[in-house]
Amino acid sequence: MLPALVLGASPSSAVEVVPSSAARINIVRIADVINPVVARFIIDEIDRTNREGMRAFLLELDTPGGLDTSMREIIQGILNSTAPVIVYVSPKGARAASAGALITLAADFAAMAPGTNIGASTPVALGGGGGGEQDQAMMEKVLQDAVAYARSLAEQRGRNKEWAERIVREGLSSPASEALELQVIDLIAEDEADLLAQLHGRRYLRAGQALVLETQGAELVRAEMNWRQRILTAISNPNVAYLLLMLGFLGIFFELSNPGAIVPGAIGAIALLLAFFGLQTLPVNYVGVLLLLLAIVLFMLEIYVSSYGMLTVGGLLSLALGSLMLIDTADPTLQISRAVIFATVLVCGGFFILVIYFVTRTQRRPAYSGAEGLVGERGTAQSAIAPEGKVFVHGELWTARSAEPIESGETVEVVAMIPGMKLEVRRIDASRDAQARS
């Protein structure tokens, strides 16, 4: 058994039983990507376990991986915990891939449910190199660092170092039965009750002393994220952060194209701030952000510049490229879904085209109010105009001037508005007007 291997390093250590007064086990369930919010939550719960003198900390894990920095923060918390840390890959069908595999290796006790798998911890950033000598050298450094880290964790916990190296170099992944056979994990448990029963009486090391873990009769304390942490975790999802960013851009665009609407601008500003929070937990490529901003600028210019649709085409192209480049990682768990990008670009493009169409049509439409709106309106002379008189136009009585005499009752047409709030009109010949209409 693995605990025996661990104790073999200190044969003279006395076995000490954990006091029964600390008869509680803190349980945390994580079924998500490892990100800064998740890491902070796990570390806080490990600290609470130690602070309140609980018997152990149990992390039930199901993750496709996550950020390297967040993973290392969690592992530091595990390695520096006074209370023993148990990582249980569950339920059946779950996985501890990439960052999750190394977190499992770092635990005092590692367990898996049947039908689960562990491994595939190759640094995904290696896939983004350009192939040059400097890129290759940097890739090799990252790989060697990851290999050394995995081997050191396995060595510290008395686990299979060769397997730990292979999951980094080769992306190896093993099912639960194989992981147990290769001495990667300590046990396979059907469920939580079976896990605690098998863990009872097992030994672990702390400060050179061999301690015995007692799980029988322990009170299980389940810790869950509060509403704030759940919201921040949801926002940290790449797809959610991206959609919030697009919503923010749409709101700001609508506010700028229709000043005074207020609500779209307020919603857009809130969405942008939430998106920026989510993106700060992700490996963002700022060229992608600039391309998205350029898309908005091009869409705005289309309203004021007659480009025959070329600015709109450029905006859609910039929007698509910026969306694809926004997250700078090859890790599929941190990338934006291609389906989400396609649907978002399609919807945003359609929205921008529709708004630009209506705005342009409104700008080109003849004026219906003010001085410009009166030009071309027809009315009736209320008095003789020679050269001034009164006309009834657009439901109002105006003072009008004419270059030719006009009799009272004749039909007139407004030519222009002249200083002094007066209209310049001309006579409409009824016969010629009827002939022109026909």
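Everything here concerns the structure above.
Heads up: these notes are all about the structure in this document. What you see is a predicted model, and the numbers here were worked out from it, not measured in a lab.

Among the structural elements, S81 can be located in the loop between α3 (68–79) and β4 (85–89). With residues near it in sequence (within four places) discarded, S81 still touches I46, N50 and R206.

Where helix α10 (residues 238–257) meets helix α11 (residues 263–280), the closest approach of the two axes is 7 Å, and the angle between their N-to-C directions is 150 degrees. Our classification of the angle between α10 and α11 gives roughly antiparallel. The interaxial crossing formed by α10 with α11 has left-handed handedness.

Among all positions in helix α8 (residues 192–199), only E192, L195, L196 and L199 are buried. Down the axis of α8, the sector holding all buried residues measures 90 degrees, keeping them to one side. Away from its buried face by more than 90 degrees, α8 exposes A193 and A197. Each element contacted by the buried residues of α8 is listed here: β2 (24–30), β3 (56–61), β4, β6 (109–112), β9 (187–188) and β12 (219–223). Backbone nitrogen of A193 and a side-chain oxygen of the N-cap are separated by 3.3 Å at the start of α8; the cap is D191.

Bringing α11 into the picture now. In this model, α11 (18 residues) spans 26 Å end to end at C-alpha, consistent with the 26 Å of a helix rising 1.5 Å per residue. All buried positions along α11 are accounted for by G265, G268, A271, L272, A275, G278 and L279. Down the axis of α11, the sector holding all buried residues measures 145 degrees, keeping them to one side. When the buried face of α11 is taken as reference, the exposed residues oriented beyond 90 degrees from it are V263, I270, L273 and Q280. Residues of α11 that are buried make contact with α9 (227–235) and α10.

Conventions and cut-offs
Residues numbered from 1 in each chain as written. Predicted model: local features only at pLDDT ≥ 70, side-chain atom pairs only at ≥ 80, totals over all residues. Heavy atoms only, no water. Helix = DSSP H or I, 4+ residues; strand = E, 2+ residues; numbered from the N terminus. Contact = heavy atoms within 4.5 Å. Axes fitted to C-alpha atoms, helices over the stretch in contact; angles between N-to-C directions. Parallel < 35°, antiparallel > 145°, perpendicular 65-115°, else oblique. Left-handed = near helix turned anticlockwise from the far one by under 90°. Buried < 20%, exposed > 50% of the residue type's maximum accessible area, 1.4 Å probe, protein only. Arc of directions from axis to C-beta. Polar contact = N/O pair within 3.5 Å; in protein donor to acceptor, adjacent residues only side chain to side chain. Expected span 1.5 Å × (residues − 1).

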